[in-house]
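A closer look at the structure
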Amino acid sequence: MKQKKDIRGHVKTVAVCAILAVMGFVLDRFVGISIPLFGMTSLMINVSYVPIFMAGILYGPVWGALVGGVQDILCMILVPLGAPIWGITLTTMLAGAMAGVFGRFVLKINAKNRGELLVPVAENIPKTKTFYICSAIFVGIYASTMFNSIMRITVGDTVHDLSIWEILMNSTEYKNAFIAISSLYGTENLPETFYAWNMLSDMFGSVAILFLLALPITVLAVFFSHKRKHVLAIISELCAFVSSGMALIMVIDLPKKLKELPLTFQSGASIILAPLVCCAMLIVLLIETDAVKFKISAFCGITSLTTSILNSLWLSMAYEKGIMVYLPIRLATSLIISTPIYAFLLYYLLVKAKWLKKMV
């Protein structure tokens, strides 16, 4: 009897996930707004991620990733909008997997309580020592990344390892690296060299400021959480995540701006570790915050930002354009439009929709 029940459960899971994948395909290709950028459809405003999120939250990371992959492949085969970009398929699968992790470890949804769905719970649970210990560890890790190399630039036989602290303090190492890179533009065309000098100066300065800005914002988020200002805490840490993520994007995009110069460029681990630390800190804040709507909103924000960044990267690689061509409008769309809509729909489906119990 137990084996038959397990088989029926697996068949039901496959059927529901198949329905969700088809719903996502319809929402992606037939319901929404497409915005052409530079002669190609590279930005879609729709709610096609909601079925993927539901599959991941209700059935786990594997099913979420599968629904995301199947949905995107259906879109490419049945209603293609251009050449396939498999990186976008991987991003869609990642979104489903992230929803699965969110459902398992934050919302605590599993096979036993899936049909019960969610009920909002009290916010004022006392802070544990674990919260403060994790916060101190994450702040310490982030602070340490300020002094580690974020990029290695090799000009001729000279290697320059630059950290955020060296850029901020305008150290000798930074000056030497900056002068070495700028000298490669030559003196034949002084206006062009002067323009390049200012461009590099602005870019290095922006990376350092964005990187540094995330640290006090994270400390502020811990303070707000201690004062039980959960909304402000989550918004603050989300801003810290965006700030460190933008610094990472600018460093990743730097080689394209220097591609005509005879140098080699390598990103350091610290520039990647920084947004990961902010993301981990945000997860800690979500776990400590028991208001379901805040958790869902923050999850939608993180996922929308992550997918926007990755898809901008894949588009820039596919069409050989700079990532900053696609990134600003995609980030703005994800923060202003996608995140609120996703959060509203997920909250309704998971908390308010009583009819959903019969399906899952």
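We now turn to the structure provided with this report.

The rules behind each value
Residues numbered from 1 in each chain as written. Predicted model: local features only at pLDDT ≥ 70, side-chain atom pairs only at ≥ 80, totals over all residues. Heavy atoms only, no water. Helix = DSSP H or I, 4+ residues; strand = E, 2+ residues; numbered from the N terminus. Buried < 20%, exposed > 50% of the residue type's maximum accessible area, 1.4 Å probe, protein only. Contact = heavy atoms within 4.5 Å. Areas by Shrake-Rupley, 256 points an atom, 1.4 Å probe, with all protein chains shown as cover. Pairing = 2+ DSSP bridges. Axes fitted to C-alpha atoms, helices over the stretch in contact; angles between N-to-C directions. Phe/Tyr/Trp six-rings, centres within 6.5 Å; stacked < 30°, edge-to-face > 60°. Expected span 1.5 Å × (residues − 1). Patch = residues over 30% accessible without salt bridge, like charges linked within 9 Å, V, L, I, M, F, W, Y side chains within 5 Å. Salt bridge = Lys/Arg side-chain N within 4 Å of Asp/Glu carboxyl O. Parallel < 35°, antiparallel > 145°, perpendicular 65-115°, else oblique. Left-handed = near helix turned anticlockwise from the far one by under 90°. Nonpolar A, V, L, I, M, F, W, Y, C, P; charged D, E, K, R; others polar.

On to the overall build of the protein chain. Counting its regular elements, the protein chain contains 13 helices and five strands. Out of the 360 residues in the protein chain, the part that is buried amounts to 48%. Pairs at least 24 residues apart make up 72% of the contacts formed inside the protein chain by residues separated by at least 6 positions. Of the roughly 17,900 Å² of accessible surface on the protein chain, a fraction of 69% belongs to carbon and sulfur atoms.

Here we come to the sheet that holds strand β4 (residues 158-163). Strand order in the open sheet formed by three strands is β4-β3-β5, and the pairing between neighbours is antiparallel. Only two strands of the sheet have a single partner each, and these edge strands are β4 and β5 (263-267). In this sheet, adjacent strand axes meet at a mean angle of 15° when their direction is disregarded. Bridge count between strand β3 (residues 149-155) and β5: five bridges; the pairing is antiparallel. For T154, the partnering residue across the bridge sits in β5 and is T264. Running over the sheet, helix α10 (residues 269-288) touches β3 and β5 and is turned about 155° from β3.

All right, on to the environment of L81 then. Counting through the fold element by element, L81 comes out in the loop between α3 (61-78) and α4 (86-105). The exposure class of L81 is partly exposed, given its relative accessible area of 45%. A sequence separation of 52 residues divides L81 from R29, and the C-alpha atoms of the two residues are 9.2 Å apart.

Scanning the entire structure with this criterion turns up 13 aromatic pairs. Ring geometry for F53 against F299: centres 5.1 Å apart, planes inclined by 70°, an arrangement best described as edge-to-face. Taken as a pair, F53 in helix α2 (residues 49-59) and F299 in helix α11 (residues 292-319) lie far apart in primary sequence, 246 residues in all. For F299, a relative accessible area of 5% puts it in the buried group. In textbook terms, an aromatic cluster arises when at least three aromatic residues are bridged by ring pairs, as seen for Y49, F53, F102, F299 and Y342.

For α11, which comprises 28 residues, the first-to-last C-alpha distance of 40 Å matches the rise-based estimate of 40 Å (1.5 Å per residue) to within 8%. E320 sits one or two residues past α11 and shows a positive phi near 55°.

A cluster of nonpolar side chains, contributed by V22, V26, F30 and V31, occupies part of the molecular surface with about 340 Å² of accessible area. The class for V26 is partly exposed, based on a relative accessible area of 35%.

Now for the packing of helix α9 (residues 230-257) against α10. For the pair α9 and α10, interaxial distance at closest approach is 8 Å and the crossing angle is 165°. Relative to α10, the element α9 is oriented roughly antiparallel. Relative to α10, α9 is oriented so that their crossing is left-handed. Contacts between α9 and α10 involve A233, I234, E237, L238, A240, F241, S244, G245, A247, L248 and V251 on the former and, on the latter, I271, I272, A274, P275, C278, C279, M281, L282, L285 and L286. For the contact of α9 with α10, the class distribution of residues is 18 nonpolar, two polar and one charged.

Below, the discussion takes up unusual backbone geometry. Despite not being glycine, K108 shows a phi value in the positive range, around 60°. Summarising the element assignment, K108 is placed in the loop between α4 and α5 (129-145). Judged by relative accessible area, which is 53%, K108 ranks as exposed. Non-glycine residue R228 carries a positive phi angle of around 65°.

Within the secondary structure layout, R114 lies in the loop between α4 and α5. Spatially, the C-alpha atom of R114 lies 6.4 Å from that of L58, the residues being 56 residues apart in sequence.

Moving on, we come to the packing of α5 against α10. To characterise two packed helices, one gives the angle between the axes of the helices and the distance between these axes. At their nearest, the axes of α5 and α10 sit 9 Å apart, and the two run at 165° to each other. Relative to α10, the element α5 is oriented roughly antiparallel. As for the relative orientation of α5 and α10, their crossing is left-handed in sense. Contact residues: α5 offers F131, C134, S135, F138, I141, Y142 and T145, while α10 offers S270, L273, A274, V277, C278, A280, M281, V284, L285 and E288. Across the contact of α5 with α10, the residue classes break down as 13 nonpolar, three polar and one charged.

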